[in-house]
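Summary of the model geometry
Single-letter residue listing:
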Amino acid sequence: GIMHSEDDNAVTTEEKIWDLTMDINVKGVFFGCKYGIPAMLRAGGGSIINTASFVGTLGAATPQLAYTTSKGAVLSLTRE
(Lines give C-alpha, C1' and ligand atoms only; values in the text may rest on other atoms or scores of the structure.)
Protein backbone atom coordinates (compact mmCIF):
# COMPACT_ATOMS: atom_id res chain seq x y z
CA GLY A 1 0.00 0.00 0.00
CA ILE A 2 0.88 3.66 -0.01
CA MET A 3 0.74 6.68 2.26
CA HIS A 4 1.08 9.61 -0.12
CA SER A 5 3.06 12.64 1.03
CA GLU A 6 0.16 14.90 -0.04
CA ASP A 7 -2.38 12.98 2.07
CA ASP A 8 -3.60 15.38 4.75
CA ASN A 9 -6.97 16.33 6.22
CA ALA A 10 -10.42 16.41 4.60
CA VAL A 11 -10.07 20.05 3.56
CA THR A 12 -6.64 19.93 1.92
CA THR A 13 -6.35 16.40 0.53
CA GLU A 14 -6.95 16.47 -3.22
CA GLU A 15 -9.42 14.02 -4.72
CA LYS A 16 -6.69 12.52 -6.93
CA ILE A 17 -4.67 11.64 -3.80
CA TRP A 18 -7.76 10.12 -2.18
CA ASP A 19 -8.56 8.09 -5.32
CA LEU A 20 -4.97 6.89 -5.78
CA THR A 21 -4.75 5.77 -2.15
CA MET A 22 -8.08 3.93 -2.32
CA ASP A 23 -7.23 2.34 -5.66
CA ILE A 24 -3.98 0.92 -4.34
CA ASN A 25 -4.73 0.21 -0.69
CA VAL A 26 -8.36 -0.95 -0.91
CA LYS A 27 -8.96 -2.03 -4.49
CA GLY A 28 -5.70 -3.99 -4.48
CA VAL A 29 -6.85 -6.03 -1.47
CA PHE A 30 -10.32 -6.45 -3.00
CA PHE A 31 -8.94 -7.83 -6.27
CA GLY A 32 -6.50 -10.06 -4.39
CA CYS A 33 -9.46 -11.63 -2.59
CA LYS A 34 -11.79 -11.62 -5.60
CA TYR A 35 -9.38 -13.60 -7.75
CA GLY A 36 -7.29 -15.30 -5.08
CA ILE A 37 -10.13 -17.01 -3.22
CA PRO A 38 -11.53 -18.91 -6.24
CA ALA A 39 -8.01 -20.02 -7.19
CA MET A 40 -7.36 -21.25 -3.65
CA LEU A 41 -10.70 -23.08 -3.56
CA ARG A 42 -9.86 -24.81 -6.86
CA ALA A 43 -6.51 -25.83 -5.36
CA GLY A 44 -8.14 -27.30 -2.26
CA GLY A 45 -7.80 -24.44 0.21
CA GLY A 46 -5.32 -22.01 1.64
CA SER A 47 -5.10 -18.77 3.56
CA ILE A 48 -5.26 -15.09 2.73
CA ILE A 49 -3.62 -12.69 5.14
CA ASN A 50 -4.51 -9.05 4.59
CA THR A 51 -2.38 -6.46 6.37
CA ALA A 52 -3.63 -3.08 7.50
CA SER A 53 -2.50 -0.70 10.25
CA PHE A 54 -3.47 0.24 13.76
CA VAL A 55 -4.53 3.64 12.40
CA GLY A 56 -7.47 1.91 10.72
CA THR A 57 -8.87 1.38 14.21
CA LEU A 58 -7.35 4.12 16.34
CA GLY A 59 -6.75 6.97 13.90
CA ALA A 60 -3.47 8.78 13.41
CA ALA A 61 -1.64 11.45 15.38
CA THR A 62 -1.09 13.49 12.22
CA PRO A 63 -3.54 14.13 9.36
CA GLN A 64 -3.45 11.31 6.80
CA LEU A 65 -7.12 10.89 6.04
CA ALA A 66 -6.97 8.76 2.89
CA TYR A 67 -4.42 6.32 4.35
CA THR A 68 -6.29 5.95 7.64
CA THR A 69 -9.62 5.45 5.86
CA SER A 70 -8.11 2.92 3.46
CA LYS A 71 -6.72 0.83 6.32
CA GLY A 72 -10.10 0.87 8.04
CA ALA A 73 -11.62 -0.34 4.78
CA VAL A 74 -9.11 -3.20 4.59
CA LEU A 75 -10.01 -4.25 8.13
CA SER A 76 -13.74 -4.22 7.26
CA LEU A 77 -13.20 -6.06 3.98
CA THR A 78 -11.21 -8.74 5.81
CA ARG A 79 -13.91 -9.23 8.45
CA GLU A 80 -16.51 -9.84 5.74
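Everything here concerns the structure above.
Residue numbers here run from 1 along each chain, matching the order of that chain's written sequence. Local features in a predicted model are, by the rule used here, given only for residues with pLDDT of at least 70; side-chain atom pairs are given and counted only at 80 or more, and totals for whole chains, interfaces and linings are based on all residues. To get the side-chain values, take all heavy atoms of the structure and skip hydrogens and water.

So, about the side chain of K71. Among the structural elements, K71 can be located in helix α3 (residues 65-79). Note on definitions: a residue-residue contact is assigned when non-hydrogen atoms from the two residues lie within 4.5 Å. In this view, K71 contacts N25, T51, A52, S53 and G56; residues no more than four positions away in its chain are not counted. Helix numbers and strand numbers start at the N terminus; a helix is a DSSP run of H or I with at least 4 residues, a strand a run of E with at least 2.

Take the number of residues in a helix, subtract one, and multiply by 1.5 Å to get its expected span. In this model, helix α1 (residues 15-42) (28 residues) spans 39 Å end to end at C-alpha, consistent with the 40 Å of a helix rising 1.5 Å per residue. We define the bend at each residue as the angle formed by axes fitted to the 7 residues ending at it and the 7 residues starting at it. At K27, α1 is bent by approximately 35°, the largest bend along its length. Relative accessibility under 20% of the residue-type maximum defines a buried residue, over 50% an exposed one, and the middle range a partly exposed one, all with a 1.4 Å probe and only protein chains included. When α1 is considered as a whole, its buried residues turn out to be I17, T21, M22, N25, V26, V29 and C33. In the stretch just after α1, G44 is the one whose phi turns positive, near 100°.

For the rest of this paragraph, the subject is the pattern of salt bridges. In the sections that follow, a salt bridge refers to a side-chain nitrogen of Lys or Arg positioned within 4 Å of a carboxyl oxygen of Asp or Glu. If you walk through the whole model with that rule in mind, you get 1 salt bridge. Between D23 and K27 there is a salt bridge whose closest N-O contact spans 3.6 Å. Of this pair, D23 and K27 both sit in helix α1, 4 residues apart, roughly one helical turn. A residue is classified by how much of its surface remains accessible, and K27, at 42% relative accessible area, is partly exposed.

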